[in-house]
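# Structural overview for review
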Amino acid sequence: MTELNLASGASYFRSPAVAIAAAISALHQGKTYYGPAAGSPELRQAIADRYQHDGIKVKPEQVVVTPGTKQALFNLFSVLLREGDEVVIPTPAWFGFYELLKYTKGKLVTIETTPQHNYSLDAQQVRKALTSKSRILLLTNPANPTGRIYTKPEVEAMLALLQDYPDLYLISDEIYDLDTYGKPFTSALACQGPPERTIVVNGFSKNFAMSGWRIGYMVGPETIVAKCTDFQSSTFSGVSMFIQDAALATLQQQQNALYPMLPVLTRHRQLMKAGLEAIPHVRFMEPDGAYYFFPDLSYYIGSKTPAGKTIATTADLVHYLQQDYQLIVANGDLFGGKGHVRMSFAVEEQELVLALGRLQKALQQLIVA
Ligand code: PMP
């Protein structure tokens, strides 16, 4: 049996041909030296232009190009967080946030959202979690792992909370903003709220299948941009100029770059939905964005395998799928979704179909008391 891996956050797509051509051309042109710490002027302009609609005005001076979205977040955590400051994150959320926070002065505070309430963010519930120490409210939109898109009014309700907390910033991680399936998406930059405390991070890893290029960015108020640029200049200098040229070419030809991905992801999403629906006792929310399903398999926790082993935890279930079916899925506990698993549909179609068949068989074999 070949191993099937649905746990990765990287899609199987090839990076855009325009990106590869632009990087090679930049290397031949000799773009192999230090560049400006905040990023090339052309790329900063192109990123600012992405957000120029619906009357929003984003200036290139509000943009910092970073080695990945992760680093955009790390820059922000480094410059914003003081000893004991709290970072409030609705869960389920990407476990990378927790890992990054280990290396900062910040303290993680989570707010549980549930599938029963469609992972809605209740402003009252968020308010209850806020204190005078709250420094960052971190949203992921579209969310990983749930695929939930928070609507404009929902984001605006979060931004409204900032009025009562003058030290609090909203960071919206929008790394999956182009991987959407019909429901409209609005960037936090286009929402009503205090612009001096609204920051967006984004990148090329997901939207353009460029995870290995290590390029992302932040867009925010110029004061924070200046601090992040100084931090970046003092630490790793900036992103390689030939990589920035690749990112610029990708944005300039976005339609071509995206075209091969979206119809495939749309089809795979349908396939995974149908596959999961065919398995009894599996509950899930259809994702509006990103490329994962986050099914609840808790019905099967407490069951026994045909070999007589007890599946006591999500980790046991994940282990069983891997050992007996060579099927790798991500343990939902890591994201704050007990009894859930995260399954990517950004994989080869053949793999996807096989994986769903194996999941169905594996769960059917379990003996539920
Ligand atoms: N934010 C979220 C929500 C993610 O899922 C990921 C990658 N899994 C990142 C940030 C990191 O992205 P990058 O590769 O741009 O550092």
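If you're wondering where the values come from, they're calculated on a predicted model, not measured in any experiment. (Residues numbered from 1 in each chain as written. Predicted model: local features only at pLDDT ≥ 70, side-chain atom pairs only at ≥ 80, totals over all residues. Heavy atoms only, no water.)

### What about the pairing of strand β7 (residues 198–203)?
Extensive coverage of β7 is indicated by the burial of 6 of its 6 residues. Of the two faces of β7, the one carrying Thr198, Val200 and Asn202 and the one carrying Ile199, Val201 and Gly203 are both buried. In this structure, strand β6 (residues 169–173) lies alongside β7, joined through 4 bridges in parallel fashion. Residue Leu170 lies in a different strand from β7, and its bridge partner there is Thr198. Pairing geometry for β7 and strand β8 (residues 216–219), over 4 bridges, is antiparallel. (Buried < 20%, exposed > 50% of the residue type's maximum accessible area, 1.4 Å probe, protein only. Helix = DSSP H or I, 4+ residues; strand = E, 2+ residues; numbered from the N terminus. Pairing = 2+ DSSP bridges.)

### Side note on the pairing of strand β2 (residues 63–66)
Along β2, one buried face is formed by Val63 and Val65 and the opposite face, lined by Val64 and Thr66, is buried too. Relative to β8, β2 runs antiparallel, the two sharing 4 bridges. Residue Thr66 lies in a different strand from β8, and its bridge partner there is Gly216.

### Re helix α6 (residues 152–161)
Turning to α6, its buried residues number three or more, namely Val155, Met158, Leu159 and Leu161. Along the axis of α6, the buried positions cluster into a sector of 150 degrees, meaning they face one direction only. (Arc of directions from axis to C-beta.)

### Description of unusual backbone geometry
Of the consecutive residues Thr91 and Pro92, the connecting peptide bond is found in the cis state with omega at 0 degrees. Here Pro92 lies in the loop between β3 (86–91) and α4 (96–101). One non-glycine residue, Arg214, adopts positive backbone phi at about 55 degrees. Position of Arg214 among the secondary structure elements: in the loop between β7 and β8. We classify Arg214 as partly exposed; its relative accessible area is 35%.

### Examining the domain arrangement of the protein
Taken domain by domain, the protein consists of domain 1 (4–12 + 260–365) and domain 2 (17–252). Counting from both sides, the interface comprises 23 residues of domain 1 and, opposite them, 28 residues of domain 2. Contact between domain 1 and domain 2 buries roughly 2,100 Å² in total, counting both sides, with carbon and sulfur atoms accounting for 59%. Its largest share of buried area at the contact with domain 2, domain 1 owes to Met285, Asp288 and Phe335, together 31% of the area lost on that side. For the pair domain 1 and domain 2, the number of links is 1 salt bridge. Our count for the contact surface shared by domain 1 and domain 2 stands at 10 residue pairs in polar contact (both at pLDDT 80 or more). Ranked by the residues each element gives to the side of domain 1 that touches domain 2, the list is headed by helix α10 (residues 261–277), at 5 residues. When grouped by side-chain class, the residues that make up the side of domain 1 that touches domain 2 number 13 nonpolar, 7 polar and 3 charged. (Domains from an automatic or database assignment. Contact = heavy atoms within 4.5 Å. Buried area = accessible area lost by both parts, 1.4 Å probe. Salt bridge = Lys/Arg side-chain N within 4 Å of Asp/Glu carboxyl O. Polar contact = N/O pair within 3.5 Å; in protein donor to acceptor, adjacent residues only side chain to side chain. Nonpolar A, V, L, I, M, F, W, Y, C, P; charged D, E, K, R; others polar.)

### Thoughts on the sheet that holds strand β5 (residues 134–140)
Here 7 strands make up an open sheet; going across it, the order is β2-β8-β7-β6-β5-β3-β4 and the pairing mixed. Looking at strand neighbours, the two that pair on one side only are β2 and β4 (107–112), the edges of this open sheet. Averaged over all neighbouring strand pairs, the angle between strand axes comes to 20 degrees, with direction disregarded. Pairing between β5 and β6: 5 bridges, direction parallel. The residue bridging Leu138 from the neighbouring strand is Ile171, located in β6. Against the sheet, helix α3 (residues 69–80) engages β2, β5, β6, β7 and β8, with an angle of about 150 degrees to β7. Along the sheet face, helix α7 (residues 222–235) touches β2, β6, β7 and β8 and points at about 25 degrees away from the line of β2. (Axes fitted to C-alpha atoms, helices over the stretch in contact; angles between N-to-C directions.)

### Some thoughts on the packing of α10 against helix α12 (residues 349–365)
In the contact formed by α10 and α12, the axes pass within 10 Å of each other and the chain directions differ by 10 degrees. Compared by their axis directions, α10 and α12 come out roughly parallel. Considering how the two elements wind past one another, α10 and α12 form a crossing that is right-handed. Here Arg267, His268, Leu271, Met272, Gly275 and Leu276 of α10 lie close against α12, whose contacting residues are Glu349, Leu352, Val353, Leu356 and Leu359. Taken together, the residues of the contact of α10 with α12 break down into 7 nonpolar, 2 polar and 2 charged. (Parallel < 35°, antiparallel > 145°, perpendicular 65-115°, else oblique. Left-handed = near helix turned anticlockwise from the far one by under 90°.)

### Concerning helix α2 (residues 41–50)
One turn of the α-helix equals 3.6 residues, which is why residues spaced by three or four share an orientation. Those residues of α2 not exposed but buried are Leu43, Arg44, Ala46, Ile47, Ala48 and Arg50. Packed against the buried residues of α2 are β2, β7, β8, α7 and α8 (241–252).

### A word on the site of the ligand
Close contacts around the ligand come from Gly68, Thr69, Lys70, Trp94, Thr140, Asn144, Asp173, Ile175, Tyr176, Ser205, Lys206 and Arg214, and that covers them all. One nitrogen or oxygen atom from the side chain of Tyr176 is found 3.2 Å from an oxygen atom belonging to the ligand. Within the complex, the protein chains bury 93% of what would otherwise be the 400 Å² of accessible surface of the ligand. The residue makeup of the shell around the ligand, split by class, is 3 nonpolar, 5 polar and 4 charged. (Near = heavy atom within 4 Å. Areas by Shrake-Rupley, 256 points an atom, 1.4 Å probe, with all protein chains shown as cover.)

### So, the nonpolar core
Formed by 56 residues in total, the largest nonpolar core has its most connected members in Ile47 and Ile215. Here the element with the most residues in this core is α8; it accounts for 5 residues. Apart from the residues within four sequence positions on either side, Ile47 is in contact with Val63, Val65, Tyr217, Val219 and Leu251. One finds Leu265, Val282, Leu356 and Leu366 within the second-largest nonpolar core, a separate group that totals 40 residues. (Core = buried A, V, L, I, M, F, W, Y, C linked by side-chain atoms within 4.5 Å.)

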